[in-house]
Amino acid sequence: MTFAFIDLNNLKVANDYFGHEEGDDYLRAVVSLIIKNTNPEDIVCRYGGDEFIVVFLNRRENEVIELLKTANHGLHHIRKQKDKIYQRSFAFGVLEYNYQSELSFDEIMQILDARMYHNKSRSKLLEKNNLRSKEM
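We now turn to the structure provided with this report. (Residues numbered from 1 in each chain as written. Predicted model: local features only at pLDDT ≥ 70, side-chain atom pairs only at ≥ 80, totals over all residues. Heavy atoms only, no water.)

## Considering the side chain of Asn 119
- Looking at the element boundaries, Asn 119 is found in helix H4 (residues 105-135).
- Given the relative accessible area of 18%, Asn 119 is considered buried.
- Not counting residues up to four positions away in its chain, the partners in contact with Asn 119 are Ala 91 and Phe 92. (Helix = DSSP H or I, 4+ residues; strand = E, 2+ residues; numbered from the N terminus. Buried < 20%, exposed > 50% of the residue type's maximum accessible area, 1.4 Å probe, protein only. Contact = heavy atoms within 4.5 Å.)

## Some details on the environment of Ile 6
- If you trace the backbone, Ile 6 turns up in strand S1 (residues 2-9).
- Placed 62 residues apart in sequence, Ile 6 and Leu 68 show a C-alpha to C-alpha distance of 9.1 Å.
- Filtering out sequence-adjacent residues up to four positions away, Ile 6 remains in contact with Ile 34, Asp 50, Glu 51, Phe 52, Val 54, Leu 68, Phe 90, Ala 91 and Phe 92.

## A closer look at the pattern of salt bridges
- Applying the stated criterion across every chain yields a total of eight salt bridges.
- The closest approach of N and O atoms between Arg 88 and Glu 22, which form a salt bridge, is 3.0 Å. Placement of the pair is Arg 88 in the loop between helix H3 (61-81) and strand S4 (89-96) and Glu 22 in helix H2 (residues 20-36), with a sequence separation of 66 residues.
- Assessed through its relative accessible area of 0%, Arg 88 is described here as buried.
- Residue Glu 22 is classed as buried on the basis of its relative accessible area of 12%.
- Connected through salt bridges with shared partners, the residues Glu 22, Asp 25 and Arg 88 form a single ionic network. (Salt bridge = Lys/Arg side-chain N within 4 Å of Asp/Glu carboxyl O.)

## Details of the packing of helix H1 (residues 11-18) against H2
- H2 packs onto H1 with a crossing angle of 150 degrees between their chain directions and a minimal axis gap of 6 Å. When the axes of H1 and H2 are compared, the pair comes out roughly antiparallel. Facing Leu 11, Ala 14, Asn 15 and Phe 18 of H1, the residues of H2 in contact are His 20, Glu 22, Gly 23, Tyr 26 and Leu 27.
- Residues that form the contact of H1 with H2 fall into these classes: five nonpolar, three polar and one charged. (Axes fitted to C-alpha atoms, helices over the stretch in contact; angles between N-to-C directions. Parallel < 35°, antiparallel > 145°, perpendicular 65-115°, else oblique. Nonpolar A, V, L, I, M, F, W, Y, C, P; charged D, E, K, R; others polar.)

Quick look at the structure:
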């Protein structure tokens, strides 16, 4: 099985500046895109306010990464269609779990969290560099 830890970007912006109905719409859009790319036996759970855990059964790590990149791109496309002025996207960490592994749930979450934050930091750096290149 492969675990994914997903953290939405800008949900607080959606809620604080555009209202909780907007935040709910954002959450529904993300969940819809994720579920669209899961199998019936996969498990999607809301972990916190803007965090989700997805358990993909019989999927490899690289396959899940590509699936989540596709979902993220779809979210960007929906944002443009709905003419939202804030960025809708999410960062994620992925870990393929080996059944012989003795990792606890807490250890799995620590690895997923570190990978998610690495992804988020990298995305922010790329976004910042893209803004600089557009200004020049």
